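Notes for the structure review
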Amino acid sequence: MKKKYSIFSLAKNALSGHKEWPKMWRSPEPREFYDVIIIGGGGHGLGTAYYLAKEHGLKNIAVIEKGWLGGGNTGRNTTIIRSNYLWDDSAHLYEHSLKLWENLSSELNYNVMFSQRGVMNLAHNEHDIKEIKRRVSANNLNGIDSFWLSKEEIQKKVPIMNTDNLRYPVLGASYQPRGGVARHDAIAWGFAMRADEMGVDIIQNCEAHQIRTKNGTIEGVETSKGFLRANKIGVVASGHTGVLAESAGIRLPLQSKPLQALVSEPIKPIIDTVVMSSAVHAYVSQSDKGELVIGAGTDSYNSFTQRGGFNIIEDTIRAMVELYPVFGKMKMLRQWGGIVDICPDASPIISKCDIDGLFFNCGWGTGGFKATPGSANVFAHTIAKNEPHQINSAFNLDRFASGRLVDEHGAAAVAH
Amino acid sequence: MLIINCPYCGPRDQSEFSNGGEAHVKRPDGSKEIGDREWGEYVFIRANPKGLFYERWVHTHGCRKWFNCVRDTSTDKILVTYKLDEKKPNLNNFKSVVKTPSGEPEVGSGNFTVEK
């Protein structure tokens, strides 16, 4: 039955002390065979299952997840959404995603709390100015809302920012008004619930151990709940995608590193937009609870520890305190790391591979959250049709042989 | 943060070092025709194991020498560091603590930082 959420259902459940809410999805035992198995129950994986069922009419789908839904990078990022990427290929992909975000709450009838409060990317030197202005122009040519803000305009939008009295003064910024933030859990839960209603089996606490192939065709996957046969497998396991690919004998151009974030104690509203700075590496927004959500960088070395080095957050906090002296006395509540899979060109891989029926959606590196619905949508197309959607055709594995890279190191924002 | 044992200077704080990625990567033999794919693999693909990993470090703010290292990427524990001209240690000498390919070690990850 389709679950409806409204002010009335909220009021009704408030009267019963919120104990009568129906379960959002079933927790079935896995069947022996599925048409499609998605490995990874984050936003991208659940979204892929949702679009496979909704747009491609597939019925027999499972999503397997080693922990709990959205417990990986979907629940660990800083939820920034924007589409101001430099190259046409990426601009189309991220803009496709942004357009889906804009309608997602009503499509899922589940509030993903997408708040289009604008995203600012700061320039701190001559080179930044040139590079960012070039990106603004490229965005405009692709029909993406993006413009240049002078220092005075920045000061008006974010009065707490120290623009002059710091080592790398703020000289201007790009601004995308349609960018913003969303609720990270909601996207996973919303997709999960609606996919489940269409018959997708969502299997948590089910770790994929090995992808099994035979004569270049997919057989299935060994999991902690036994061997599951499948016609097609989509791997959307972020940092662990490389490990699973290896088990099928595929080498991917990915390096896994911890990316950290931290939140402060909650305070009254003080910053009503998202401000990112790649040059000094500090980006911040304020959550609806009032916490400052601060994104730090990746470690320089490969690691799967979901923790990250202290020097990384030290650097970020140093930049934060210089940019916003008013935050200097604040306490940080929590810090955590997620394992991101970084591609040499800072662009994702949404592609089939040498093995029939095996598909990868990975390499999102430090900025996959914004792309969740778009990535899921085109990945579902790729799996269903056995060929890429026009939007993701550039993000194939062949580009590492042909050399046709989509170099987004500038727009990806986090230095790596 | 890591304490890295530079084979020339001894144990030093990680902030003195820079990471150089996978060690012992061999450039394809130039004496034969190399296809785009093989060349692409050499340029772009590096090992990315969860577990034992050969890697390079350089003591940037110290002796500025490069050296190699075996580290467990699931716990960040550094098992051995050795000079570039020393023989690559056999990974069988070390115990991998990851039980399943994508599983967590009992100690050392962000999820389990202390002895349970």
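Because the structure is predicted, anything quoted here is derived from the model rather than measured.

Another aspect to go through is the overall build of chain B. Along chain B, the regular secondary structure elements total one helix and six strands. Once the C-alpha set of chain B is aligned to its principal axes, its extents read approximately 55 × 40 × 25 Å. When each of the 116 residues of chain B is scored for burial, the buried share is 24%. Looking at chain B alone, contacts between residues at least 24 apart form 53% of all its contacts between residues at least 6 apart.

The subject of this paragraph is the overall build of chain A. Counting its regular elements, chain A contains ten helices and 18 strands. Over its C-alpha atoms chain A spans a radius of gyration of 21 Å, differing by no more than 12% from the 22 Å that the globule rule assigns to 416 residues. In terms of principal-axis extent, the alpha carbons of chain A reach across some 65 × 60 × 40 Å. Split into buried and exposed, the 416 residues of chain A put 55% on the buried side. Sequence separation of at least 24 residues holds for 76% of the intrachain contacts in chain A that already meet a minimum separation of 6.

Turning to the sheet that holds strand β3 (residues 18–22) of chain B, a few remarks are in order. Residues and elements named next belong to chain B. Read from one edge to the other, the open sheet built from four strands follows the order β3-β4-β5-β6, with strand pairing classed as antiparallel. Looking at strand neighbours, the two that pair on one side only are β3 and β6 (77–83), the edges of this open sheet. Going from strand to strand, the sheet's axes swing by 30° on average, the running direction of each strand aside. Two elements, strand β5 (residues 66–72) and β6, share six bridges in a ladder whose sense is antiparallel. Bridging from a neighbouring strand, R71 pairs with I78 of β6.

This brings us to unusual backbone geometry. Residues and elements named next belong to chain A. With a phi close to 50°, N205 is a non-glycine residue in the positive phi region. Mapped onto the fold, N205 is located in the loop between β8 (201–203) and β9 (208–214). Here Q306, not a glycine, exhibits a phi torsion of approximately 50°, which is positive. Assignment of secondary structure puts Q306 in the loop between β15 (292–298) and α8 (310–323).

With that settled, consider the nonpolar core. Ranked by size, the top nonpolar core spans 122 residues in total, and within it A:I37, A:I39, A:A49, A:M120 and A:A192 carry the most contacts. A per-element tally of this core places helix α6 (residues 184–197) of chain A first, with eight residues. For A:A192, the contacting residues outside a window of four places in its chain are A:M24, A:W25, A:L46, A:L69 and A:I202. If you look at the next biggest cluster of nonpolar residues, it comprises nine residues, including B:F17, B:L52, B:W57 and B:C69.

Taken together, the 32 residues of chain A in the interface contact 28 residues of chain B. Counting residues per element, the ones that place at least two in the side of chain A that touches chain B are β9, α7 (241–247), β12 (255–264), α8, β16 (332–342) and α10 (399–402) of chain A. Classifying every residue of the side of chain A that touches chain B gives twelve nonpolar, 16 polar and four charged.

All names here are of chain A. Between helix α2 (residues 43–56) and helix α9 (residues 372–385), the shortest axis-to-axis distance is 7 Å and the interhelical angle comes to 55°. In terms of their interaxial angle, α2 and α9 are classed as oblique. The element α2 and its partner α9 pack so that their crossing is right-handed. Across the interface between the two elements, G43, H44, G47, T48, Y50, Y51, L52, E55 and H56 from α2 touch T372, P373, S375, A376, N377, F379, A380, I383 and A384 from α9. In the contact of α2 with α9, the residues fall into nine nonpolar, eight polar and one charged.

Below, the discussion takes up the sheet that holds strand β13 (residues 274–277) of chain A. Backbone hydrogen bonds hold the strands of a sheet together, and the pairing may be parallel or antiparallel. Residue and element names in this part refer to chain A. Pairing within the open sheet is mixed, and its eight strands lie in the order β5-β6-β4-β13-β14-β15-β12-β16. Two strands close off the open sheet at either side, each with one partner strand: β5 (147–150) and β16. Neighbour-to-neighbour, the strand axes of this sheet turn through a mean angle of 25°, independent of strand direction. In the sheet, strand β14 (residues 282–286) pairs with β15 via four bridges, with the strands oriented antiparallel. Bridge pairing in β15 links V284 to I294. Packing of α8 onto the sheet brings it into contact with β12, β13, β14, β15 and β16, and relative to β15 it is tilted by some 130°.

Interpreting fine coordinate detail is not advised for predicted regions of low pLDDT. Averaged over chain B, the pLDDT score is 91; the fraction of residues at 70 or greater is 96%. Among the scores for the predicted complex, ipTM is 0.93 and pTM is 0.95.

This paragraph deals with the pairing of strand β17 (residues 349–352) of chain A. On a regular strand, each side chain points to the face opposite its neighbour's, so the side chains alternate between the two faces of the sheet. Residue and element names in this part refer to chain A. Note that β17 and strand β18 (residues 358–362) share four bridges and pair antiparallel. When the sheet's bridge partners are listed, I350 is paired in β18 with N361. Hairpin connection between β17 and β18: a loop of five residues separates the two successive antiparallel strands, and G357 in this loop has a positive phi of roughly 85°.

Residue and element names in this part refer to chain A. Mapped onto the elements of the fold, P159 is located in the loop between α5 (151–157) and β6 (172–176). The exposure class assigned to P159 is exposed, which follows from the 10 C-beta atoms found within 10 Å. Note: C-alpha distance between P159 and G199 (40 residues apart in sequence) is 50 Å.

Residue and element names in this part refer to chain B. The topology assignment puts T81 in strand β6. The partly exposed category is assigned to T81, around which 19 C-beta atoms lie within 10 Å. Separated by 24 residues in sequence, T81 and W57 place their C-alpha atoms 9.3 Å apart.

To continue, consider α9(A). Residue and element names in this part refer to chain A. Compared with the 20 Å implied by 1.5 Å per residue over 14 residues, the 20 Å span of α9 between its first and last C-alpha is a close match. By the criterion of burial, α9 is predominantly enclosed, with twelve of the 14 residues buried. When α9 is considered as a whole, its buried residues turn out to be T372, P373, G374, S375, A376, N377, V378, F379, A380, H381, T382 and I383. Following α9 by one or two positions, N386 adopts a phi angle in the positive range, close to 65°.

How each quantity is defined
- Residues numbered from 1 in each chain as written.
- Chains lettered and ligands numbered in written order.
- Predicted model: local features only at pLDDT ≥ 70, side-chain atom pairs only at ≥ 80, totals over all residues.
- Helix = DSSP H or I, 4+ residues; strand = E, 2+ residues; numbered from the N terminus.
- Buried ≥ 20, exposed ≤ 12 C-beta atoms within 10 Å, placed from the backbone.
- Contact = placed C-beta atoms within 7 Å.
- Rg over C-alpha atoms; globule rule 2.2 N^0.38 Å.
- Pairing = 2+ DSSP bridges.
- Axes fitted to C-alpha atoms, helices over the stretch in contact; angles between N-to-C directions.
- Core = buried A, V, L, I, M, F, W, Y, C linked by C-beta atoms within 7 Å.
- Nonpolar A, V, L, I, M, F, W, Y, C, P; charged D, E, K, R; others polar.
- Parallel < 35°, antiparallel > 145°, perpendicular 65-115°, else oblique.
- Left-handed = near helix turned anticlockwise from the far one by under 90°.
- pLDDT = per-residue confidence, 0-100.
- Expected span 1.5 Å × (residues − 1).

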